[in-house]
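Descriptive structure summary
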Amino acid sequence: MYEKMELKDGINGLTFEHRNSKSLAQAMLHALQNPEKMEKLGERGYIYSSNGEVPCVNEHVDEMLKLYDELTNTQSYIPNKTVQEPKPLTSLSAPWRITFDTNPDDCNFSCVMCEQHSEHSPHQKARKEQKIRRRRMDFEVMKKVVTEAAPLGLKEIIPSTMGEPLMYRDLKGRTFEDIIQLCHDQKIKLNLTTNGSFFSPHGHSVEQWAQALVPVLSDIKFSWNSATKCTQELVMKNSKFEKQLSNLKTFISIRDKIAIVTLQLTFMEINLSEIPDIVKLGISLGVDRIKGHHLWAHFTQIKDQNLRRSPDSIRRWNKIVQECQTIAQNQLLPNGKQIKLENVFELSEDSGTSSIHPESTCPFLGKEAWINHSGRFDPCCAPDQERLSLGSFGNITDPNQQLMNIWNGATYKNLVKNYSSYPLCQNCNMRKPPTQQHS
Ligand code: SF4
Ligand code: SF4
């Protein structure tokens, strides 16, 4: 309480989390790296006076009496501190978009940051050692959910964002082509994230894939983590930069104008300096959007890749953001439009250990849903182990369970209402600050 009254972080000093040595170390590092700022903070010894000086006894007594009057007259007492918190979320009557974890164990790449397929990840190694089959969603699960939700407002589906979705094949031999047909049948769109290798068990060419996909696509995201062969192949192991580039160019030449083409990346130390060049590359190729997310550092080996880990890394990230925004404003796409930058926004220097912005909101709850390979309902795309801390909502394969029972059930509604008090949500990279909440 004393600390709250006399010291305010970033105004007249720096604070750290009680008994948290990491937080203390961060505050000390920040102090060492910002001598001028520290001098300014030191000048402002007392927070509640205009000149930073401690008031005289008389002024202090006056303030105390004023406070006493306010507290004894509850009608007139108005707290003078504005608490910043996210706006309550509004829920749609049904999810407008559903992501299906169709085949998370299939991928022909091994990206360094990938929760499943990175060389640092224990998951696929453990699966192989224990001779567990690859997880593949039964096509009937997808069909059941889509058939229920399409008449209620479902507009599009996203096949697995973990694993390469074009490699999907269920135990009964249904493949990605059946998913495309389901979209045609239910008049919904397909939002695809692919690693751009256009792998095909049937030997389809890129052109053939593009012709099959384009009529149902709303959006296609190519995983893309660099502007150079060297970094791209370092981050996306087993990829071939020239092949990815040629596939992207071929796809763009066939795409329908309706489908949005995005380059999607993970923001990390290793590719930070190349992000402006990725924006330039996207513009030159006619890509509509560059979208990224800060790293979920699943393994200790890549913790240093996290750009939110220190005030210094956040400052460097913020500079790159400004550079990217200038490029986007000054260099237009071949169609004359401006490339869209998503999640490319500046962070506050102390945002590494707290939420990105105190008023940032979850973009997914009440709007979108996730169904994992076994039919389990998930509320968002957080990494699997962490996501379990948000609760247990139900499974679509239960014959008595339907998507809308879960959507309207007490457990999910409670999460939508109270998510900002969940530890996982408090430090979630996905939350959007007020300036980004339209996208
Ligand atoms: S392409 Fe996607 S699924 Fe495959 S290794 Fe990379 S991040 Fe993981
Ligand atoms: S972890 Fe993030 S994305 Fe998931 S519900 Fe919480 S705020 Fe939303």
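Residues numbered from 1 in each chain as written. Chains lettered and ligands numbered in written order. Predicted model: local features only at pLDDT ≥ 70, side-chain atom pairs only at ≥ 80, totals over all residues.

Note the cut-off: UniProt positions are given in the numbering used here, feature names are shortened, and annotations may be inferred rather than shown by experiment.
An unreviewed UniProt entry lists the protein chain under the name Radical SAM core domain-containing protein, with Didymodactylos carnosus given as the organism. Note on the protein chain: under the UniProt heading Cofactor (unreviewed entry), the record states "[4Fe-4S] cluster".

Overview of the sheet that holds strand E4 (residues 189-194)
We apply this condition: Strands qualify as paired when DSSP identifies two bridges or more between them. Put simply, DSSP H or I for four residues or longer makes a helix, DSSP E for two residues or longer makes a strand, and each gets a number counted from the N terminus. Any residue pair is listed as a contact if its two C-beta atoms, each placed from the backbone, are within 7 Å. Every angle, taken between N-to-C directions, lies between 0 and 180 degrees, and every axis is a line fitted to C-alpha atoms, over only the stretch in contact when it is a helix.
If you walk across this open sheet you meet the 9 strands as E9-E8-E7-E5-E4-E3-E1-E10-E11, and the pairing is mixed. Only two strands of the sheet have a single partner each, and these edge strands are strand E9 (340-342) and strand E11 (377-378). In the sheet, E4 pairs with strand E5 (residues 217-223) via 5 bridges, with the strands oriented parallel. Along E5, the bridge assignment pairs Thr193 with Lys221. On top of the sheet, helix H6 (residues 139-149) reaches strand E1 (97-100), strand E3 (156-159) and strand E10 (368-371); it is set at about 175 degrees to E1, its chief contact.

Some points on the site of ligand 2
In plain terms, the rule: Whether a residue is near a molecule or strand depends on its C-beta atom, placed from the backbone, lying within 6 Å of it. Three categories are distinguished: nonpolar for Ala, Val, Leu, Ile, Met, Phe, Trp, Tyr, Cys and Pro, charged for Asp, Glu, Lys and Arg, and polar for the others, with Gly belonging to the last.
Neighbouring ligand 2 are Cys362, Phe364, Leu365, Pro379, Cys380, Ala382, Tyr419, Leu424, Cys425, Cys428, Met430 and Arg431. Partitioned by chemical class, the residues of the shell around ligand 2 number 11 nonpolar, no polar and 1 charged.

Structural notes on the nonpolar core
Put simply, the rule reads: Take the buried Ala, Val, Leu, Ile, Met, Phe, Trp, Tyr and Cys residues, join any whose C-beta atoms are within 7 Å, and the set you get is a nonpolar core. To assign burial, the other C-beta atoms lying within 10 Å of each residue's own C-beta are counted, with C-beta atoms placed from the backbone; 20 or more indicates buried, 12 or fewer indicates exposed, and intermediate counts indicate partly exposed.
One finds Ile98, Met142, Val145, Val146, Ile157, Ile278 and Ile371 to be the most contacted residues of the largest nonpolar core, which totals 82 residues. Of all the elements, H6 adds the most residues to this core, at 6 residues. Apart from residues no more than four positions distant in its own chain, Ile371 is found in contact with Ile98, Phe100, Asp101, Val141, Val145, Phe377 and Ile396.

Examining the site of ligand 1
The environment of ligand 1 is made up of Cys107, Phe109, Ser110, Cys111, Cys114, His117, Met162, Gly163, Glu164, Asn195, Ser223 and Met236. Of the residues that constitute the shell around ligand 1, the class distribution is 6 nonpolar, 5 polar and 1 charged.

A word on the packing of helix H12 (residues 275-285) against helix H13 (residues 311-330)
The condition that has to hold: In what follows, roughly perpendicular refers to angles from 65 to 115 degrees, roughly parallel to angles under 35, roughly antiparallel to angles over 145, and oblique to any angle outside these ranges. For a crossing to be left-handed, the near helix must be turned anticlockwise from the far one by less than a right angle; the clockwise case is right-handed.
At a minimum axis separation of 9 Å, H12 and H13 run at an interaxial angle of 20 degrees. In terms of axis orientation, H12 runs roughly parallel to H13. For the element pair H12 and H13, the recorded crossing hand is right-handed. Counting all contacts with H12, which are made through Ile275, Pro276, Val279 and Lys280, the residues of H13 involved are Ile320, Glu323, Cys324, Ile327 and Ala328.

Quick look at the packing of helix H8 (residues 206-213) against helix H10 (residues 241-254)
Two elements in contact, H8 and H10, have axes whose closest approach is 9 Å; the angle formed by their N-to-C orientations is 40 degrees. Considering the angle they form, H8 stands oblique to H10. Our pair here, H8 against H10, has a crossing hand that is right-handed. For the pair H8 and H10, the contacting residues are Val206, Glu207, Ala210 and Gln211 in the first and Asn247, Thr250, Phe251 and Ile254 in the second.

Some remarks on the confidence of the model for the protein chain
Test applied: By definition, pLDDT measures how confident the predictor is in each residue, and it falls between 0 and 100.
Averaged over every residue, the pLDDT of the protein chain is 87; residues scoring 70 or more account for 84%. Confidence drops under pLDDT 50 across residues 1-5; counting only partners more than four residues distant or on other chains, this segment forms 1 contact. Here residues 74-81 is modelled with pLDDT under 50, and outside its nearest four sequence neighbours on either side it reaches 3 contacts, counting other chains as well.

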